[in-house]
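Take a look at the letters that make up each chain.
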Amino acid sequence: MAAGYDRPNAAARFANAVIRTLAEAGISIAGTRAISVRGRKSGKRRGVVINLLTVDGVDYLVAPRGTTEWVRNVRAAGEIEVGPRWRPRPARATELSDDDKPEVLRRYLQRWYWQVKGYVAGLTPGSSDDELRAAASSFPVFSLR
């Protein structure tokens, strides 16, 4: 897996904080959801807002910015909580292999390309399976159960 991470600028961090607060209150903006995951070093619960993709009844987390802190924490913990603060549901997160990512990445891009186009290394919703497979190692993807 690539270890790259595209850190958001100050304006994006502020907007993410506002959107996370809304998501934690149960208000979704364009498919956002709040997740919380136990920190791998501190052990404290860390909250982040993500775009939750559902394909054929399975929920997926995609990290368009690469190997972020929440990705590292999910890898270490293996479990997260999804949903509003007052009613989170636990879920086990399993990372997909690169060969299993192309269809999930395509669906993610079809839904949120307008939001993530600056972070996905030139991929588009029309990218071929080969292009998606070649870039897959840069984008962690987890299925939730």
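Residues numbered from 1 in each chain as written. Predicted model: local features only at pLDDT ≥ 70, side-chain atom pairs only at ≥ 80, totals over all residues. Heavy atoms only, no water.

1. A few points about the packing of aromatic side chains
The condition that has to hold: Put simply, two rings from Phe, Tyr or Trp (the six-membered ring, in Trp's case) pair if the centres are within 6.5 Å, and we call them stacked under 30 degrees between planes, edge-to-face over 60, tilted for the rest. Segments assigned H or I by DSSP are reported as helices when at least four residues long, segments assigned E as strands when at least two residues long, and all are numbered from the N terminus. For a Lys NZ or an Arg CZ to count as sitting over a ring, it must be within 6 Å of the ring centre and within 35 degrees of the ring normal.
Enumeration according to the criterion identifies two aromatic pairs in this entry. Ring centres of Y108 and W112 lie 5.1 Å apart, and the angle between their planes is 50°; on these two criteria the pair is classed as tilted. On the criterion of helical spacing, the pair formed by Y108 and W112 is a turn pair, its members being four residues apart in helix α3 (residues 102-116). One cation-aromatic arrangement involves R65 over Y119; the distance from NZ or CZ to the ring centre is 3.8 Å.

2. Comments concerning helix α1 (residues 10-24)
Helical periodicity: at 3.6 residues per turn, an α-helix aligns residues three or four positions apart in one direction. Convention followed: By this rule the span expected of a helix is its residue count minus one, scaled by 1.5 Å. Working rule for contacts: check all heavy atoms of both residues, and any pair within 4.5 Å makes them a contact. We call two N or O atoms a polar contact when they sit within 3.5 Å, provided that within protein one can donate a hydrogen and the other can accept it, with sequence-adjacent residues counted only if both atoms are side-chain atoms.
An ideal rise of 1.5 Å per residue puts 21 Å on 15 residues; α1 measures up with 21 Å between its terminal C-alpha atoms. Here the buried face of α1 lies against β1 (32-38) and β2 (45-55). Capping the start of α1 is the job of one residue whose side-chain oxygen sits 3.2 Å from the backbone nitrogen of A11: N9. One or two positions beyond α1, positive phi appears at G26, with a value near 90°.

3. Brief notes about the nonpolar core
This is how the line gets drawn: Residues grouped as a nonpolar core are buried Ala, Val, Leu, Ile, Met, Phe, Trp, Tyr and Cys residues, joined through side-chain atoms within 4.5 Å. Using a 1.4 Å probe on the protein chains alone, a residue whose accessible area is under 20% of its type maximum counts as buried, one over 50% counts as exposed, and one in between counts as partly exposed.
One finds L53, Y60, V104, L105, L123 and V141 to be the most contacted residues of the largest nonpolar core, which totals 19 residues. Counting residues per element, the ones that place at least two in this core are β2, β3 (58-62), α3 and α4 (129-135). Looking at this core element by element, the count peaks at six residues for α3. Leave out the neighbours within four places in its chain, and L105 touches V62, L132, A136, F139 and V141. Counting residues in each nonpolar core, the second largest holds 16 residues, with L52, I80, F142 and L144 among its members.

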